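Close look at the chain arrangement
Residues per chain are reported as follows:
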Amino acid sequence: MQTALLDTPIGTLNIGASARGLRLVQFPREHERDQPFAAGDEGGKPDHIAQAQLDEAVLQLTEYFAGERTRFDIALDWYGVNGLRLTVLKLLAEVPFGGTVTYGDLAKGSGAGVTASQAVGGIMGSNPLPIVVPCHRVLAADGLGGFGGGLRTKEWLLAWEGVMPPALDWED
């Protein structure tokens, strides 16, 4: 897997891609800032196809944060993702820029039934491709719900996409 750090308005993201496509988008933990994660199952060997996938992912994310892209069309590597988790994340990938969906909507759409909303919440928390597979667009029935990148980041992304007004104190 090839990796890169990408500075964005919401912080530095760790990006990882394999020859199959984008595999990871991670919000670094405080103690990991400025350190890309370790290479995956490819053993850290240079891989020109993976590098091309990574370059395209970085380009598309850069365009998204510059306001020049509203839809990602890069290959996704669903390594280690299967079952209900894969079904839900593929449904989520179809939620358009500026749109939202609830945990219950995804549970129902996956065939698991609306009672699986909590399971969907857990799936959102383990999404390996946030922003590209837009878990920030998933809302609770009664509010924002959670977000692995933090609620301020979720609010910023939703404001960026025109779903809610921008927070007044983002820069403090």
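Predicted model, so just to flag it, every value in this text is computed and none were measured.

Now for the confidence of the model for the protein chain. Any residue range with low pLDDT should be treated as having predicted coordinates unsuitable for detailed reading. When pLDDT is averaged across the protein chain, the result is 88; 86% of the residues are at 70 or more. Long-range and interchain partners of residues 33-41, a stretch whose pLDDT sits below 50, account for 22 contacts in this model, where long-range means more than four residues apart.

What follows is about the pattern of salt bridges. This model, assessed by the stated rule, comprises five salt bridges. Across the pair Asp77 and Arg20 runs a salt bridge, and its minimum N-O distance is 3.4 Å. In this pair, Asp77 is assigned in the loop between helix 1 (48-65) and helix 2 (83-92) and Arg20 in the loop between strand 2 (11-18) and strand 3 (21-26), connecting sequence segments 57 residues apart. Overall, the relative accessible area of 48% leaves Arg20 in the partly exposed class. Close ionic contact of Asp73 with Arg69 constitutes a salt bridge, the shortest N to O distance being 3.5 Å. A relative accessible area of 57% means that Asp73 is categorised as exposed. A single salt-bridge network, built from bridges that share partners, covers Arg20, Arg23 and Asp77.

Conventions adopted
- Residues numbered from 1 in each chain as written.
- Predicted model: local features only at pLDDT ≥ 70, side-chain atom pairs only at ≥ 80, totals over all residues.
- Heavy atoms only, no water.
- pLDDT = per-residue confidence, 0-100.
- Contact = heavy atoms within 4.5 Å.
- Salt bridge = Lys/Arg side-chain N within 4 Å of Asp/Glu carboxyl O.
- Helix = DSSP H or I, 4+ residues; strand = E, 2+ residues; numbered from the N terminus.
- Buried < 20%, exposed > 50% of the residue type's maximum accessible area, 1.4 Å probe, protein only.

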